[in-house]
Amino acid sequence: MNWWISIVIYLWQNSLRRWIEQPLSLLSKLLIASMVGCLGALVIAGAAYLGDELDRQLANRDALSINIFEMVDGFQANALISRDSTEEQAWASTAKESLILYQPPIGAIIDVKTTIELLGLRNIEAHGYPDTLVLVSDKRPAGSSVVVQIDKVRVEALVLPPTEEFKRDQTRREFLLAPLHRIAPLLQKGFVRQIFLQVGSLQDMRRVHQITETMQLLENRQMNIRSALTILERLETIREVQGYVLIAAALGSALVLGLTCGALAWMEFREDRYLLSLIRSFGVGRVTLLVYAVLENCAIAVVGVLIGLGLIQLASSTLDLSALGMQWLGNIGLLERPEIRWIVLGAICGGLLSCIPIGLGLRKPLGLVLK
Amino acid sequence: MKITCHQICYTYPGGHRPVLDKIDQSFSPGTTLLKGYSGCGKSTLLRLLGGLIRPTSGHIEAPDFPPLGSKEFLRKDFAMVFQELNLLPLASAERNVSLSCRIAGVPATNGSEWLERLGILEFSKRSVETLSGGQKQRVALARAMAKSPRLLLLDEPTSGLDDKNTEIILSAIRRFSENQDAICVIATHDHRLDPIAHELVDFHRHLSVAE
């Protein structure tokens, strides 16, 4: 057996006996590490829960949807209608879902006295309706016919319920949907174009805003864009700050672990200094002894932190935390989260930090320690 | 093989007066006794010779050794028995000796031989905590001699020992000096050690020691 293995085995046996004789020293180190682990895990779990909840809420409330309203006058109308096919394709390729409606300045009269919106759709079949006039309504029997009046002309429209795409728009309960080519004459004097986009990311949303601004500037288009971009950008900043908070939590845990375990390690080292100096006087290098101390302290810190994480996991899976308003802790899958590795890394850093006083102590000349 | 001190001075950290002041002394193979009253600096000189502390000024010349205090020197060429013996706690006498031999790269049988010569082979399996003062002293000496060092430093090796134990230690030192081409320096004020000395240095008279 190599001599340094014998030394390390002897030191470990010595440590084990010391821990058995004075368990308070080991227990206090483990307790501090597990408490820091618990606190760090709670901070990480809280931040992760907030992040998840934010994502969930954003997805539920269609935060990534964009509405663009464009006022098109008679001079631009023809040109825009004719080239709009490529522009619509461009919008469709930018967003996950897109719906572009053309609304002439006049509405359609239904039931003699009620005026409803008349909307044109370029490729109406792609949106689930037949290529004809459709009265989209959830109040009338589907499949029935209704007579409506458009600009003094009476025409028949087929009643169909709103598709999922139109159900999202809670403001419209009943409107007349027509293929674009059938109402093109009504659009010649100008119209309002409504573009509804559902993008997949904040980056796509920024792109849509940039495109719209470019159109406004270069083509003098009168476009009004509505989206949650400003709020989402702030939320993104908050998410970045959360990332820093996670790092700060991990580094803070490491620092607290390092300082407290370091203080305990220093107290232990003062007891062991004589022994380590004696072993050094046999010709064993400082590095060998420091590596041993690093391994011991890191092992204690990591084991302590793992105990803390285990306790949190146990508490969240067995106790009813709803009374404390912490039921979210049970749903978060704490140990599966990648952020937990920061805490373990923090523990290793803490173990390393705690060896600094030992490293400094080992520099003292042997002759000043041994008597 | 020779170790020579040139004008060495030493002041302990935080101390106001030097413990040793401009010491000139050579040490050759054989047994040298450093004699003097308690606190005159004998132990400090031993530590300086082993490179365990560095002189405040002056230097120690040891051309036939690796740098004093270096790992290589401590591992193979140096052994010291301190006043407080410094045995490895929670280890048996045998382990104390064998670990030192293993680090020095000498056969473990050396350790057994010296344990036998010093009459402690029968206790060698026992933890050093359970041994008497005289037995501990012999274990410390066996550990030092077993690694066959070229520089052996003994600090008060017989203090507090009865005549029987002292005789065992004297014969061990004598045997070591006879069989080993080594410098053996013993700091003591015990006159029972005088017969084994090849050179006797009255620390107070021969050396320039700070008052």
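Keep in mind that what you see is a predicted model, and the values were worked out from it rather than measured.

## So, the overall build of chain A
- A tally of regular secondary structure across chain A gives 12 helices and 10 strands.
- Excluding contacts between residues fewer than 6 apart, the proportion of contacts in chain A whose partners are at least 24 apart in sequence is 79%.

## What about the overall build of chain B?
- Within chain B, the secondary structure is distributed over 7 helices and 8 strands.
- A burial count over chain B gives 49% of its 211 residues as buried.

## What about the sheet that holds strand β7 (residues 183-188) of chain B?
Residues and elements named next belong to chain B.
- An order of β5-β6-β7-β3-β8 is seen for the 5 strands of this open sheet, with the pairing classed as parallel. On the outer flanks of this sheet lie β5 (78-81) and β8 (199-202), each paired with one strand and no other. Between one strand axis and the next, the sheet turns by 15° as a mean value, whatever way the strands run.
- When β5 meets strand β6 (residues 151-155), the two strands line up parallel, connected through 4 bridges. For Ala79, the partnering residue across the bridge sits in β6 and is Leu152.

## Comments concerning the sheet that holds strand β4 (residues 57-61) of chain B
All names here are of chain B.
- Strand order in the open sheet formed by 3 strands is β2-β1-β4, with antiparallel pairing between adjacent strands. Each edge of the open sheet carries a strand with a single partner, namely β2 (20-27) and β4. The mean inter-strand angle of the sheet, taken between neighbouring strand axes irrespective of direction, is 15°.
- Both strand β1 (residues 3-10) and β2 contribute to a ladder of 5 bridges, which runs antiparallel. Within β2, the position partnered with Tyr10 by the bridge is Leu20.
- On the sheet, helix α1 (residues 42-49) packs against β1, β2 and β4 and is oriented at approximately 120° with respect to β1.

## Things to note about the environment of A:Gly310
Residue and element names in this part refer to chain A.
- Relative to the elements of secondary structure, Gly310 occurs in helix α8 (residues 286-318).
- Gly310 gets classed as partly exposed once you count the C-beta atoms within 10 Å, which come to 15.
- Considering only alpha carbons, one finds Gly310 and Gly37, 273 residues apart in sequence, at a separation of 9.4 Å.

## Some points on the interface of chain B and chain A
- Between chain B and chain A, the contact holds 20 residues from the first and 18 residues from the second.
- For the side of chain B that touches chain A, the secondary-structure elements that each account for two or more residues are α2 (71-77) and α3 (93-104) of chain B.
- At 4 residues, the largest contribution of residues to the side of chain B that touches chain A is made by α3(B).
- In the side of chain B that touches chain A, the residues fall into 11 nonpolar, 3 polar and 6 charged.

## Examining the nonpolar core
- Membership of the largest hydrophobic core comes to 105 residues, with the highest contact counts inside it found for A:Ala33, B:Leu141, B:Ala142, B:Met145, B:Leu152 and B:Val185.
- A total of 11 residues in this core trace back to one element, the largest contributor, which is helix α7 (residues 229-281) of chain A.
- Setting aside anything within four residues of it in sequence, one finds A:Ala33 in contact with A:Leu257, A:Cys261, A:Ile300, A:Ala301, A:Gly304, A:Val305, A:Gly308 and A:Ala347.
- In terms of nonpolar packing, the next biggest core, distinct from the first, is built from 39 residues, A:Tyr102, A:Ala108, A:Tyr129 and A:Phe166 among them.

## Structural notes on the environment of A:Ala95
Residue and element names in this part refer to chain A.
- Within the secondary structure, Ala95 sits in the loop between α3 (74-94) and β2 (97-103).
- Spatially, the C-alpha atoms of Ala95 and Ser201 are 9.1 Å apart, while their sequence positions differ by 106 residues.
- Leave out the neighbours within four places in its chain, and Ala95 touches Leu197, Gln198, Val199 and Asp204.

## Considering the packing of α3(B) against helix α5 (residues 133-146) of chain B
Residue and element names in this part refer to chain B.
- Look at α3 against α5: their axes get within 8 Å of each other, and the N-to-C directions meet at 20°. One finds that α3 runs roughly parallel with respect to α5. For α3 against α5, the interelement crossing comes out right-handed. Taken together, the residues of α5 that come into contact with α3 (itself represented by Ala93, Asn96, Val97, Ser100 and Cys101) are Val139, Ala142, Arg143 and Ala146.
- Per-class residue counts for the contact of α3 with α5 are 6 nonpolar, 2 polar and 1 charged.

## Thoughts on α3(B)
- A rise of 1.5 Å per residue sets the reference length of α3(B), with its 12 residues, at 16 Å; its end C-alpha atoms lie 17 Å apart and thus fit the reference within 8%.
- Most of α3(B) sits inside the fold, with 12 of its 12 residues counted as buried.
- Every buried residue of α3(B) is listed here: B:Ala93, B:Glu94, B:Arg95, B:Asn96, B:Val97, B:Ser98, B:Leu99, B:Ser100, B:Cys101, B:Arg102, B:Ile103 and B:Ala104.
- Against α1 (3-21) of chain A together with α2, α4 (108-117) and α5 of chain B lie the buried residues of α3(B).
- Immediately downstream of α3(B), the backbone of B:Gly105 shows phi near 80°, a positive value.

## A short note on α1(B)
Residue and element names in this part refer to chain B.
- Of all 8 residues that make up α1, 8 are buried, and the element is covered over most of its length.
- Among the residues making up α1, those that are buried are Lys42, Ser43, Thr44, Leu45, Leu46, Arg47, Leu48 and Leu49.
- Count one or two residues on from α1 and you reach Gly51, which has phi positive near 75°.

What counts, and where the lines are drawn
Residues numbered from 1 in each chain as written. Chains lettered and ligands numbered in written order. Predicted model: local features only at pLDDT ≥ 70, side-chain atom pairs only at ≥ 80, totals over all residues. Helix = DSSP H or I, 4+ residues; strand = E, 2+ residues; numbered from the N terminus. Contact = placed C-beta atoms within 7 Å. Buried ≥ 20, exposed ≤ 12 C-beta atoms within 10 Å, placed from the backbone. Pairing = 2+ DSSP bridges. Axes fitted to C-alpha atoms, helices over the stretch in contact; angles between N-to-C directions. Nonpolar A, V, L, I, M, F, W, Y, C, P; charged D, E, K, R; others polar. Core = buried A, V, L, I, M, F, W, Y, C linked by C-beta atoms within 7 Å. Parallel < 35°, antiparallel > 145°, perpendicular 65-115°, else oblique. Left-handed = near helix turned anticlockwise from the far one by under 90°. Expected span 1.5 Å × (residues − 1).

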